Amino acid sequence: MTDLERKLEDQEIRADFPLFTTYPDIAYLDNAATTQKPQCVIDAVRDYYVKDNANPLRGLYELSMRATDAYEDARELVREFIGAASTEEIVFTRNASESLNLLAYSAAEAFVKEGDDILITIMEHHSNLLTWQQAAKRRGAHLHYLECDPKGKITEEMFRAALTPQTKLVAMTQVSNVLGVKNDVKTFAKIAHENGALFVCDGAQSVPHMPVNVRDLDVDFLACSGHKMLAPMGIGVLYGKRELFEQMPPFLFGGEMIEYVTREGATYAELPHKFEAGTVNASGAVGLGAAIRYYKKIGWERILEREEHLSIYAYEKLSKVQHLHILGSDDPKEHHGIFTFLVDGVHPHDIAAMLDADRVDIRAGHHCAQPLMQFLGTPSTTRASIAFYNTEEDIDRLVASLSTVREKMGYGNE
Ligand code: C6P
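Residues numbered from 1 in each chain as written. Predicted model: local features only at pLDDT ≥ 70, side-chain atom pairs only at ≥ 80, totals over all residues. Heavy atoms only, no water.

Draft legend 1. Here's a closer look at the side chain of R75. Relative to the elements of secondary structure, R75 occurs in helix α4 (residues 62-82). Within the structure, R75 has its side chain in polar contact with the backbone oxygen of I90 (distance 2.8 Å). When near neighbours in sequence (up to four residues on either side) are disregarded, R75 contacts T87, I90, V91, F92, P272, H273 and E276. (Helix = DSSP H or I, 4+ residues; strand = E, 2+ residues; numbered from the N terminus. Polar contact = N/O pair within 3.5 Å; in protein donor to acceptor, adjacent residues only side chain to side chain. Contact = heavy atoms within 4.5 Å.)

Draft legend 2. How the structure looks around helix α3 (residues 39-52). Compared with the 20 Å implied by 1.5 Å per residue over 14 residues, the 19 Å span of α3 between its first and last C-alpha is a close match. Those residues of α3 that sit buried are V41, A44, V45, Y48 and D52. Turning to α3, the residues buried within the fold contact α4 and α11 (282-298). (Expected span 1.5 Å × (residues − 1). Buried < 20%, exposed > 50% of the residue type's maximum accessible area, 1.4 Å probe, protein only.)

Draft legend 3. Structural context of the site of the ligand. The environment of the ligand is formed by 18 residues, the closest being S97, D202, S225, H227 and R363. Between the ligand and the protein, one listed contact pairs a nitrogen atom with a side-chain N or O atom of H125 at 3.4 Å. One nitrogen or oxygen atom from the side chain of H227 is found 2.7 Å from an oxygen atom belonging to the ligand. Protein chains shield 90% of the accessible area of the ligand, which is 510 Å² for the free molecule. For the shell around the ligand, a count of residues per class yields five nonpolar, nine polar and four charged. Two domains each donate at least three residues to the shell around the ligand, and these are domain 1 (3-30 + 299-408) and domain 2 (42-295). (Near = heavy atom within 4 Å. Areas by Shrake-Rupley, 256 points an atom, 1.4 Å probe, with all protein chains shown as cover. Nonpolar A, V, L, I, M, F, W, Y, C, P; charged D, E, K, R; others polar. Domains from an automatic or database assignment.)

Draft legend 4. Structural context of the domain arrangement of the protein chain. The domains assigned to the protein chain are domain 1 (3-30 + 299-408) and domain 2 (42-295). A C-alpha centroid distance of 28 Å is found between domain 1 and domain 2. Contact between domain 1 and domain 2 buries roughly 2600 Å² in total, counting both sides, with carbon and sulfur atoms accounting for 65%. Residue D330 pairs with K151 through a salt bridge whose shortest N-O separation is 3.1 Å. (Buried area = accessible area lost by both parts, 1.4 Å probe. Salt bridge = Lys/Arg side-chain N within 4 Å of Asp/Glu carboxyl O.)

Draft legend 5. Highlighting the sheet that holds strand β8 (residues 236-240). One open sheet accounts for seven strands, arranged β2-β8-β7-β6-β5-β3-β4; its pairing is mixed. A single partner strand is all that each edge strand has here, and the edge strands are β2 (90-93) and β4 (142-146). The average angle at which neighbouring strand axes cross in this sheet is 20 degrees, direction not considered. The sheet contact formed by strand β3 (residues 117-121) and β4 spans five bridges and is parallel. Its bridge partner being in β4, I120 is matched across the sheet by Y145. (Pairing = 2+ DSSP bridges. Axes fitted to C-alpha atoms, helices over the stretch in contact; angles between N-to-C directions.)

Draft legend 6. Fine view of the packing of helix α1 (residues 3-14) against helix α12 (residues 300-319). One way to put it is that α1 packs onto α12 with a least axis distance of 13 Å and a crossing angle of 115 degrees. Compared by their axis directions, α1 and α12 come out roughly perpendicular. The hand of the α1/α12 crossing is left-handed. Contacts from R6, E9, D10, E12 and I13 of α1 reach α12 at R302, E305, R306 and H309. (Parallel < 35°, antiparallel > 145°, perpendicular 65-115°, else oblique. Left-handed = near helix turned anticlockwise from the far one by under 90°.)

Draft legend 7. Broad picture of unusual backbone geometry. Cis geometry marks the peptide bond from L271 to P272; its omega dihedral reads 0 degrees. In this structure, H336 takes a positive phi of about 50 degrees despite not being glycine. Inspection of the secondary structure assignment puts H336 in the loop between β11 (324-326) and β12 (338-343). Positive phi, normally seen in glycine, also occurs at R359, with a value near 65 degrees. Here R359 shows up in the loop between α13 (348-357) and β13 (360-361). R359 sits in the partly exposed class, given a relative accessible area of 29%.

Draft legend 8. A look at α1. Its 12 residues give α1 an end-to-end C-alpha distance of 16 Å, which sits within 8% of 16 Å, the value for a rise of 1.5 Å per residue. Among all positions of α1, only R6, E9, D10, I13 and R14 are buried. All buried residues of α1 lie within an arc of 120 degrees about the axis, which places them on one face of the element. The exposed residues of α1 that point more than 90 degrees off its buried face are L4, K7 and Q11. Each element contacted by the buried residues of α1 is listed here: α2 (18-22), α11, α12 and α15 (392-402). (Arc of directions from axis to C-beta.)

Draft legend 9. A look at the packing of aromatic side chains. A full pass over the atoms with the stated rule returns 19 aromatic pairs. Feature note: the residues F17, F20, F81, Y294, Y295, W300, F388 and Y389 constitute an aromatic cluster, connected by ring pairs. The ring centre of Y411 lies 4.1 Å from the NZ or CZ of R406, which sits over that ring. (Phe/Tyr/Trp six-rings, centres within 6.5 Å; stacked < 30°, edge-to-face > 60°. Lys NZ or Arg CZ within 6 Å of the ring centre and 35° of its normal.)

Draft legend 10. Region of interest: the packing of α13 against α15. Two elements in contact, α13 and α15, have axes whose closest approach is 10 Å; the angle formed by their N-to-C orientations is 120 degrees. With respect to α15, the element α13 is oriented oblique. The handedness of the crossing between α13 and α15 is right-handed. Every residue of α15 that contacts α13 at I351, M354 and L355 is listed here: L398, S401 and L402. Each residue belonging to the contact of α13 with α15 can be placed in one class, and the counts come to five nonpolar, one polar and no charged.

Shown next as C-alpha cells:
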C-alpha cells in the first residue's frame, strides 16, 4: 500500500467515528481499555429507542416482539462472529468481568470440587483471577499460577508441567492486556482436555482484534466485552458449550430466567435465558450487532493489515526513544497493538499526565493485573494500545510527546 493509499484509507475509516470529528486534536491510544464507537453503532442504539423499544421476551404485543427480534438478531450476529454452533450457547452479560464471574460461580459449582486444582496464568486480568481466587476458596480447591518467561511467553512444555491429575479447570487470556502477547489457546485447550480439564478463554483483548472461532479453538467457554469492540458499554458475551451450560446452575435469579415457580422451588428457562435474569440490555445488544456488521464491512483482512502495520511502526519508533523500555516480546508482531513500557526515572502517572497535556491518551497504572506487575518487578507501567482506526500520525504524536518527558522532569537533554 502506498503512503497516499494509506492516508486515504485512514480518512475513510476515521470519518466513521464522530468522536474524532468532535476532537480532531486527540491521539486516542487507549483502545485496550475501550474503543471509540462508529456512527452506525450510535445510530443503531438510537433507532432501537426510536422504533423498537419495549421490554423484550415478555410482551405479546407487536412492539415487544420487535424488541425481542432486535435482541435475538444481535445474538445470532455474535454467534456467527465467534463461530458458535448455536445461539443457545451465547449469553449476554454486562461485560467480560460479569461473564467470568458467572463462570467462576456456576461452572465452579458444577465442575470443581474440594481438592481439585484450578490453573490460571500470572498474566490474567483481575477479572480472570479474583474470580477464580474466590471460586477456589468457595469450593475448597487450590489455585495455581502458571508463570510466563520474562518476555511473556508460555510454551507447551511450561503448560504441560503446570497441569496435575487434579486440574479440573484452566482459565487463560488469549491476549494479555499488558504485554500484548498471544497465548496458543488452541494447543493449550487440547492439552487441558486430554488432562480431563475444562478450558476457559478470556477473549476480551483478542475478539476485537483477530478472527476468533470458538469451535476451531475448541475452548469450553469464552468471555468478551462489547465496549472493547466498537459497541456500547454495558453489553458483554459469554460463550459456553451447550452440554456444559446445561449442567450449570443459574448465576443470577429473577425474571425471565424461569420456566415455573412455586413457593418452594423453580424450574429454569431454556438456554440461554437461564443465565439472563431480569430485563436485558437490548439496546446494548443491538449496538453490538451493529458493531459486528461494521467489522464485517471493514473486513478482517484490512483490520489485521492496519493493526499489524501500526504495531511494527509503533515498535520501531518507540524503540528509538532514549531511556524507554518496552516490556514483553522483541517481535512487534507479537504485541498485537499493545505496548507497555517504562521510562527511566519517570513515574507512569507523570508520563500519562504529560501526554494528556499534548492530547495523547494512553493508560498508566497496574492495568488490573497486579500479580503480573509483581512478577515483572514494577508496580505500574505506561501502556499505549492501538485499534485499526489509529494512524501513523497518532503514533508520531505519542513518540514526540514521550521524547520530551525526561526533559520536562528536569533530566536534561541526554
Ligand atoms: N481491561 C484494560 O484497560 P471489562 O472491564 O469487564 O469490560 O473487561 C475486563 C477484562 C478482562 N480481561 C482482559 C484481558 C481485559 O483486558 C479486561 C479489561 C481493560 O486493560 C480495563 S481494566
